[in-house]
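The lines below spell out each chain.
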Amino acid sequence: MYVYIEFRSELEYESILSFPAFVLEASFRRSHRRFRGNRGNDDRYKTASGVHTNQIARPGPAARVFIDSRRTIAPIDRNLFGSFLEHLGRAIYEGVYDPGSKLSDASGFRKDVLNEIRQIGVPIVRYPGGNFVSGYNWLDGVGPQQSRPRVLDKAWNSIDSNQFGTNEFMAWCKAAGTLPLMGLNLGTGTPEEAAALVEYCNVEKGTKWSDLRRQHGFAEPHGARHWCLGNEMDGPWQIGHMSAAEYGTKAADAAREMRNVDSSLKLVACGSSGPLMPTYLEWDREVLEQCYEYVDGLSLHRYFGNRDSDTGGDSAKFLAMNLSMERQIAETLAVCDMVRGHKRSPKKLWLSFDEWNVWYRATSGDGHRTEAPHLLEEVYNLEDALLVGGLINTLVRNADRVKIACLAQLVNVIAPIMTNADGLYRQTIYYPYSWALQYAKGTVLNLLVESADYAIPGFEHVSYVDVAATLDESGRTVSLFALNRDLAKSRTVELQWQDHAPSKVVASWVLTGDDLKASNSFAEPQRVAPQAFPVPSTRGSRTALELPPRSYAAIQWSLA
Ligand code: AHR
């Protein structure tokens with residue numbers, strides 16, 4: 001008998017909770033940290049959010065940003081700007097793989113999509129799910145394509161032809177110039193099956209599973225290093241959902257078996273699916289109590305909405321939601337480090353924020369048992385792109401502990417790139433993501449920021465100006481990413497270079513517009529597109545910028 005799965009994601013699950021997200025945020029413990037200098041109890045010097053922002057409330061319209069190349073957070077891991085492809089809707093079929101298309105190569109890969117991904121340089125792509133992975137038998141997706149079964153995917157009630165599987169994904173990664181972040185089925189799948197997939201992918205030859213890969217035409221091992229031990233196992237919507245203790249034990253078992261096959265693996269355990277889960281943080285603690293020694297990282301996920309129940313549809317609240325991501329990172333790290341203390345472990349875990357994005361409109365996940373249904377085809381507007389910029393700033397500021405993050409997803413499904421039979425277009429969120437890939441390199445700078453602020457429930461100090469910056473010693477460049485949350489007014493920002501002032505601007509872009517709800521489409525692909533940002537001038541150790549209202553800007557300077 002077919003059993004309908006009531007919730008297909010945290011999003012659907014959350015939507016049944018009657019509390020608006022920002023009301024729940026308000027009840028969270030206040031965790032403002034003081035500016036590092038000794039400012040006593042003056043409320044003005046409380047930071048806007050969490051760990052690394054060092055933002056000081058400053059009355060008046062102009063913000064000041066103090067930049068010193070000796071004050072850094074951490075080298076940035078390129079995998080911070082990864083993405084995600086799931087067997088869901090048209091992400092794989094019609095998205096990256098479309099053998100019948102005039103736009104595809106001999107392997108069936110969409111050339112226009114490959115070009116786009118190669119050009120922006122996506123470093124790592126999570127695959128094959130998502131909820132899909134928890135019912136996936138990887139053996140269905142390998143071997144001669146004509147013998148592969150058509151399978152009912154129960155996560156999205158869709159048909160998977162299995163024409164694209166592990167080997168096609170690895171070949172696609174090579175063609176796209178990216179690395180795989182492999183998802184494992186720890187729902188219906190067993191630790192033994194997980195270890196068999198590692199053997200199939202990574203062992204050169206002479207064993208049952210490596211020889212099967214060779215028989216399938218892949219003589220060279222794929223060398224997949226990064227693996228996720230299941231997906232959102234805390235969620236009642238997840239196939240094989242179980243208690244934290246059960247999952248932690250299963251993850252530890254899988255990790256041990258997988259490491260016996262390949263000791264070089266980097267393994268990520270499933271943390272909470274989001275802060276609104278009733279088991280938030282308690283799940284993470286219990287899981288880590290079971291598997292801390294066997295894993296390298298813990299996952300976290302988050303989708304932001306702008307419904308009545310999220311923000312009351314208030315753009316000022318919506319644009320502050322990256323501070324909520326900042327808080328989620330701080331809280332999850334606190335749990336990791338508490339378990340580390342319990343275990344007296346020398347090892348510090350890192351975080352894999354392997355699903356994050358805006359997503360709240362196209363939420364129906366029922367594919368009605370068809371192939372490549374149009375599911376989760378969210379249309380992004382300008383304000384979504386501005387928040388995505390803010391979320392990138394938050395990830396950059398937390399680069400000391402967040403080593404992997406995946407914009408969910410990459411093509412057609414809650415995605416920056418949309419395809420049809422004739423081509424593709426870039427959604428609004430494509431731009432801040434591509435700027436991070438292009439300009440955020442080297443080491444993250446620990447900026448001191450003074451900015452006027454506003455309050456929303458749960459966050460007393462939301463700076464109008466939210467910034468992050470990186471310094472690339474090898475390329476001799478500094479890049480600044482700036483969100484202006486002021487919906488009505490431009491904001492002046494004065495940069496004060498405390499050691500070296502830069503010599504000249506090499507790139508300067510801004511995303512802005514009058515209509516926060518404007519979006520792109522096949523008919524109007526450039527309605528929301530980057531504009532040249534007036535090149536800011538530097539005098540001595542000061543640079544003045546005028547950020548337009550409702551804007552996200554990326555500016556890169558070369559160093560003298
Ligand atoms: O990205 C869409 C879905 O959201 C994923 O399958 C799941 O992990 C999350 O709930």
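Below is a summary of the structure that appears in this document. (Residues numbered from 1 in each chain as written. Predicted model: local features only at pLDDT ≥ 70, side-chain atom pairs only at ≥ 80, totals over all residues. Heavy atoms only, no water.)

**Structural notes on the site of the ligand**
Okay, step 1: Around the ligand sit 14 residues, and of these E86, N131, E232, Y303 and E355 come closest.
Okay, step 2: One of the side-chain nitrogen or oxygen atoms of E86 is found 2.7 Å away from an oxygen atom of the ligand.
Okay, step 3: A distance of 2.8 Å is found between an oxygen atom of the ligand and a side-chain nitrogen or oxygen belonging to Y303.
Okay, step 4: Here the ligand, which alone exposes 280 Å², has 100% of that area covered by the protein.
Okay, step 5: Looking at the shell around the ligand residue by residue, the class counts come to 5 nonpolar, 5 polar and 4 charged. (Near = heavy atom within 4 Å. Polar contact = N/O pair within 3.5 Å; in protein donor to acceptor, adjacent residues only side chain to side chain. Areas by Shrake-Rupley, 256 points an atom, 1.4 Å probe, with all protein chains shown as cover. Nonpolar A, V, L, I, M, F, W, Y, C, P; charged D, E, K, R; others polar.)

**Topic: the nonpolar core**
Grouped burial of nonpolar side chains is what soluble globular proteins tend to show.
Okay, step 1: W172, W227, L229, Y247 and M258 are the most contacted members of the largest nonpolar core, which has 148 residues in total.
Okay, step 2: The element that contributes the greatest number of residues to this core is helix α12 (residues 382-397), accounting for 9 residues.
Okay, step 3: Those residues within four positions of M258 in sequence are excluded, and the remaining contacts are L184, A194, A195, V198, W227, L229, L265 and L267.
Okay, step 4: With 25 residues, the next largest nonpolar core counts L471, W497, V510 and L545 among its residues. (Core = buried A, V, L, I, M, F, W, Y, C linked by side-chain atoms within 4.5 Å. Buried < 20%, exposed > 50% of the residue type's maximum accessible area, 1.4 Å probe, protein only. Helix = DSSP H or I, 4+ residues; strand = E, 2+ residues; numbered from the N terminus. Contact = heavy atoms within 4.5 Å.)

**Some remarks on the packing of helix α11 (residues 322-343) against α12**
Okay, step 1: In contact at an axis separation of 8 Å, α11 and α12 are set at 30 degrees when each is read in the N-to-C sense. Comparing the axis directions of α11 and α12 gives the class roughly parallel. Where α11 crosses over α12, the two elements pack in a sense that is right-handed. Contacts between α11 and α12 pair N322, L323, M325, E326 and I329 from the former with L387, G390, L391, T394, L395 and R397 from the latter. (Axes fitted to C-alpha atoms, helices over the stretch in contact; angles between N-to-C directions. Parallel < 35°, antiparallel > 145°, perpendicular 65-115°, else oblique. Left-handed = near helix turned anticlockwise from the far one by under 90°.)

**Quick notes on the pairing of strand β14 (residues 417-420)**
Okay, step 1: Looking at chain direction, β14 and strand β15 (residues 423-426) are connected through 4 bridges and run antiparallel. Within β15, the position partnered with I417 by the bridge is R426.
Okay, step 2: Where β14 hands over to β15, the hairpin turn is made up of 2 residues, counted between the paired strands. (Pairing = 2+ DSSP bridges.)

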